[in-house]
Amino acid sequence: MGKTVFAICSLLTAILLSACVSDPHRGKETRWDSLYTAGHIQQIAFVRPDEALALLDTAEDRRLLSPFDINDLRCFVYHNGLSHYKTALFYSVW
């Protein structure tokens, strides 16, 4: 009985310790990655729409966002930032 309890406690300790050890950068965005978030692109869409479109092109090339999100953000930039309503409509139904 004593060996069984010791084995179970050792196993649980090993599982807990392995769960506590993780990559310190895991789950954290770096400054570079935060440029390609939908929130950042929406923030700059009004003042720097050309930069927002360039970030979307890069995000599309690197597959950082889904195609739906990229087209949705392009629609947002063209509609609100550049006032190109026909282009915005194109990306909204694409």
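Here the structure is shown first, and the text comes after it.
Everything in this summary refers to the structure shown in the same document.

1. Focus: helix 5 (residues 67-81)
- When the terminal C-alpha atoms of helix 5 are compared, their 20 Å separation across 15 residues agrees well with the 21 Å that a helix rising 1.5 Å per residue should span.
- Where helix 5 is concerned, the buried positions are Ile70, Asn71, Leu73, Arg74, Cys75, Val77 and Tyr78.
- Here the buried face of helix 5 lies against helix 3 (38-44), helix 4 (49-62) and helix 6 (85-93).

2. Things to note about the packing of helix 4 against helix 5
- Here helix 4 crosses helix 5 at 170°, and the two axes come no closer than 10 Å. Accordingly, the angle class assigned to the pair helix 4 and helix 5 is roughly antiparallel. Taken together, the residues of helix 5 that come into contact with helix 4 (itself represented by Pro49, Ala52, Leu53, Leu56, Asp57, Ala59 and Glu60) are Ile70, Leu73, Arg74, Val77, Tyr78 and Gly81.
- Residues belonging to the contact of helix 4 with helix 5 are distributed by class as follows: nine nonpolar, one polar and three charged.

3. A short note on the packing of helix 5 against helix 6
- Where helix 5 meets helix 6, the axes come as close as 8 Å, and the angle between the chain directions of the two elements is 165°. When the axes of helix 5 and helix 6 are compared, the pair comes out roughly antiparallel. In this structure, the crossing between helix 5 and helix 6 has a hand that is left-handed. Mapping the contact onto sequence places Asn71, Arg74, Cys75, Tyr78 and His79 in helix 5 and Tyr85, Thr87, Ala88, Tyr91 and Ser92 in helix 6.
- By residue class, the composition of the contact of helix 5 with helix 6 is five nonpolar, four polar and one charged.

4. Some points on helix 4
- Taking 1.5 Å of rise per residue, the 14 residues of helix 4 would be expected to cover 20 Å, and the 20 Å separating its terminal C-alpha atoms lies within 8% of that figure.
- For helix 4, the set of buried residues is Pro49, Ala52, Leu53, Leu55, Leu56 and Ala59. All buried residues of helix 4 project into a common sector of 160° when viewed along the axis, lining one side. Seen from the buried face of helix 4, the exposed residues on the opposite side, beyond 90 degrees, are Asp50 and Asp61.
- Looking one or two residues past helix 4, Arg63 carries a phi angle of roughly 55°, positive in sign.

Conventions adopted
- For every chain, the first residue of its written sequence is number 1, and the numbers climb from 1 along that sequence.
- A pLDDT threshold of at least 70 governs which residues receive local features in this predicted model, and a stricter bar of 80 or more applies before side-chain atom pairs are shown or counted, although totals over entire chains, interfaces and linings include all residues.
- Think of the side-chain values as coming from all heavy atoms in the structure, minus any hydrogens and water.
- The helix and strand labels rest on DSSP assignments: H or I over at least four residues marks a helix, E over at least two residues marks a strand, and numbering proceeds from the N terminus.
- How far a helix is expected to stretch is found by multiplying one less than its residue total by 1.5 Å.
- Burial classification: accessible surface area is computed with a 1.4 Å probe over protein chains only, and a residue below 20% of its type maximum counts as buried, one above 50% as exposed, and the rest as partly exposed.
- Contacts between residues were defined by any pair of non-hydrogen atoms, one from each residue, lying within 4.5 Å.
- Angles shown run from 0 to 180 degrees and are taken between the N-to-C directions of axes, each axis being a line fitted to C-alpha atoms and, for helices, limited to the stretch in contact.
- What sets the label is the angle itself: under 35 degrees gives roughly parallel, over 145 gives roughly antiparallel, 65 to 115 gives roughly perpendicular, and the rest give oblique.
- Each residue is assigned to one of three groups, with Ala, Val, Leu, Ile, Met, Phe, Trp, Tyr, Cys and Pro labelled nonpolar, Asp, Glu, Lys and Arg labelled charged, and all others, Gly among them, labelled polar.
- Handedness of a crossing follows from how the near helix is turned relative to the far one, being left-handed for an anticlockwise turn of less than a right angle and right-handed for a clockwise one.
- Picture the helix axis, draw a direction to every C-beta atom, and the arc is the one those directions span.

The quantities given are spatial measurements derived from coordinates; they are silent on function.
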